[in-house]
Amino acid sequence: GDPAIDWAGTQTHEDHLKISNERDRHFAALVEREVLAKGRKALLLAGRFHALKQGSSRETVGSLLEQRHPGTLFVMILYAGMGPHTAQVEAALSRSPRPGVILLSTSWIGALPARSAFVLPPVLQVAEGLKLRDIADAYLYLGPEASLTEARPPSAIYQDPAYLHELERRYPLVSGTPLDTRQLLDQKP
């Protein structure tokens, strides 16, 4: 869903921000053109913040589609803890099948504060007062937060000097800060 990036022509962080700031609008327009306009259905995979139906400080794919085509989107986010509510939620879900889908419209979990589901920088914060069911339709529960793992590529992939050089060039364009190559080379798969 991301817009194409001319990496050779992207020379500064500001150049990348111009493209990055259009990501959600581009993705939503693509869904409208290739899915909704053709009467199709689709499974969209996106970072959970991009899928939110409402309440974020930025437009998201989810909020744009929900606004333009109410009721056509079903947002399921991955359970990855609930901040101060984690122990309570996990105690209740411990008896649930894994994987499991929890409908937020009918579950008490949906009434919990939406902000509890995310650890985000202030610029990407979810609006105060929203419930989890306001921003998503379901949780995908794979297990307790502590049992979730993250797959990372083996550090050997970064041994290619040309690949590593290009990562070192692009990372500051995207993040605004230099890449710490030690983190890549020292991480465990």
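Residues numbered from 1 in each chain as written. Predicted model: local features only at pLDDT ≥ 70, side-chain atom pairs only at ≥ 80, totals over all residues. Heavy atoms only, no water.

**Here we look at the overall build of the protein**
Turning to step 1, where the next piece is worked out: Looking only at helices and strands, the protein has 8 helices and 3 strands in total.
Turning to step 2, where the next piece is worked out: Its helices and strands taken in sequence order, the protein reads α-α-α-α-β-α-β-α-β-α-α from the N to the C terminus.
Turning to step 3, where the next piece is worked out: The principal-axis extents of the C-alpha atoms in the protein amount to approximately 50 × 40 × 30 Å.
Turning to step 4, where the next piece is worked out: The burial tally for the protein puts 32% of its 189 residues in the buried class.
Turning to step 5, where the next piece is worked out: Sequence separation of 24 or more characterises 63% of the internal contacts of the protein that already satisfy a separation of 6 or more.
Turning to step 6, where the next piece is worked out: Accessible surface, the protein: about 11,600 Å² in total, of which carbon and sulfur atoms supply 56%.
Turning to step 7, where the next piece is worked out: The centroid of the 21 positive side-chain charges in the protein is displaced by 6 Å from the centroid of its 21 negative side-chain charges. (Helix = DSSP H or I, 4+ residues; strand = E, 2+ residues; numbered from the N terminus. Buried < 20%, exposed > 50% of the residue type's maximum accessible area, 1.4 Å probe, protein only. Contact = heavy atoms within 4.5 Å. Areas by Shrake-Rupley, 256 points an atom, 1.4 Å probe, with all protein chains shown as cover. Lys, Arg positive; Asp, Glu negative; His and termini not counted. Charge placed at Lys NZ, Arg CZ, Asp CG, Glu CD.)

**Topic: the packing of aromatic side chains**
Turning to step 1, where the next piece is worked out: Enumeration over the complete set of coordinates arrives at 3 aromatic pairs.
Turning to step 2, where the next piece is worked out: Seen from their ring centres, Y158 and Y163 are 6.2 Å apart, and the 20° between their planes marks the pair as stacked.
Turning to step 3, where the next piece is worked out: Y163 gets classed as partly exposed once you look at its relative accessible area, which sits at 37%.
Turning to step 4, where the next piece is worked out: Each member of the aromatic cluster is reached from another via a ring pair, and the members are Y79, Y139 and Y141. (Phe/Tyr/Trp six-rings, centres within 6.5 Å; stacked < 30°, edge-to-face > 60°.)

**Structural notes on the sheet that holds strand β1 (residues 76–78)**
Turning to step 1, where the next piece is worked out: Read from one edge of the open sheet, 3 strands run β1-β3-β2, paired in mixed fashion. If you trace the sheet from one side to the other, it starts and ends with β1 and β2 (100–103), each paired once. Between one strand and the next, the sheet's axes are offset by a mean angle of 30°, whatever the strand orientation.
Turning to step 2, where the next piece is worked out: Direction of pairing for β2 relative to strand β3 (residues 138–141): antiparallel, over a ladder of 4 bridges. The residue of β3 that forms the bridge with L103 is A138. (Pairing = 2+ DSSP bridges. Axes fitted to C-alpha atoms, helices over the stretch in contact; angles between N-to-C directions.)

**Description of the pattern of salt bridges**
Side chains carrying opposite charge are able to pair once their charged atoms draw close together.
Turning to step 1, where the next piece is worked out: Taken as a whole and assessed by the stated rule, the structure comprises 13 salt bridges.
Turning to step 2, where the next piece is worked out: When the shortest N-O distance is used, the salt bridge between E59 and R25 registers 2.6 Å. Here E59, found in the loop between α3 (48–51) and α4 (61–68), pairs with R25, found in helix α2 (residues 23–34); they are 34 residues apart in sequence, far enough to count as distant.
Turning to step 3, where the next piece is worked out: Note that E166 and R169 form a salt bridge whose closest N and O atoms lie 3.0 Å from each other. Highlighted residues: E166 and R169, both in helix α7 (residues 161–175), separated by 3 residues, approximately one helical turn. (Salt bridge = Lys/Arg side-chain N within 4 Å of Asp/Glu carboxyl O.)

**Observations regarding the side chain of S63**
Turning to step 1, where the next piece is worked out: With respect to the helices and strands, the residue S63 is situated in helix α4.
Turning to step 2, where the next piece is worked out: Of the residues examined, S63 reaches a relative accessible area of 16% and is grouped as buried.
Turning to step 3, where the next piece is worked out: Setting aside residues no more than four positions away along its own chain, S63 makes contact with L52, K53 and Q54.

**Digging into the confidence of the model for the protein**
Turning to step 1, where the next piece is worked out: Scored by pLDDT, the protein has a mean of 87; 95% of the residues are at 70 or more.
Turning to step 2, where the next piece is worked out: Here helix α8 (residues 181–186) stands out as the element of the protein with the lowest mean pLDDT, 77, in contrast to β2, whose mean of 94 is the highest. (pLDDT = per-residue confidence, 0-100.)

**Considering unusual backbone geometry**
Turning to step 1, where the next piece is worked out: In this chain, R98 is followed by P99 through a cis amide linkage whose omega measures -5°.
Turning to step 2, where the next piece is worked out: Counting through the fold element by element, P99 comes out in the loop between α5 (86–93) and β2.

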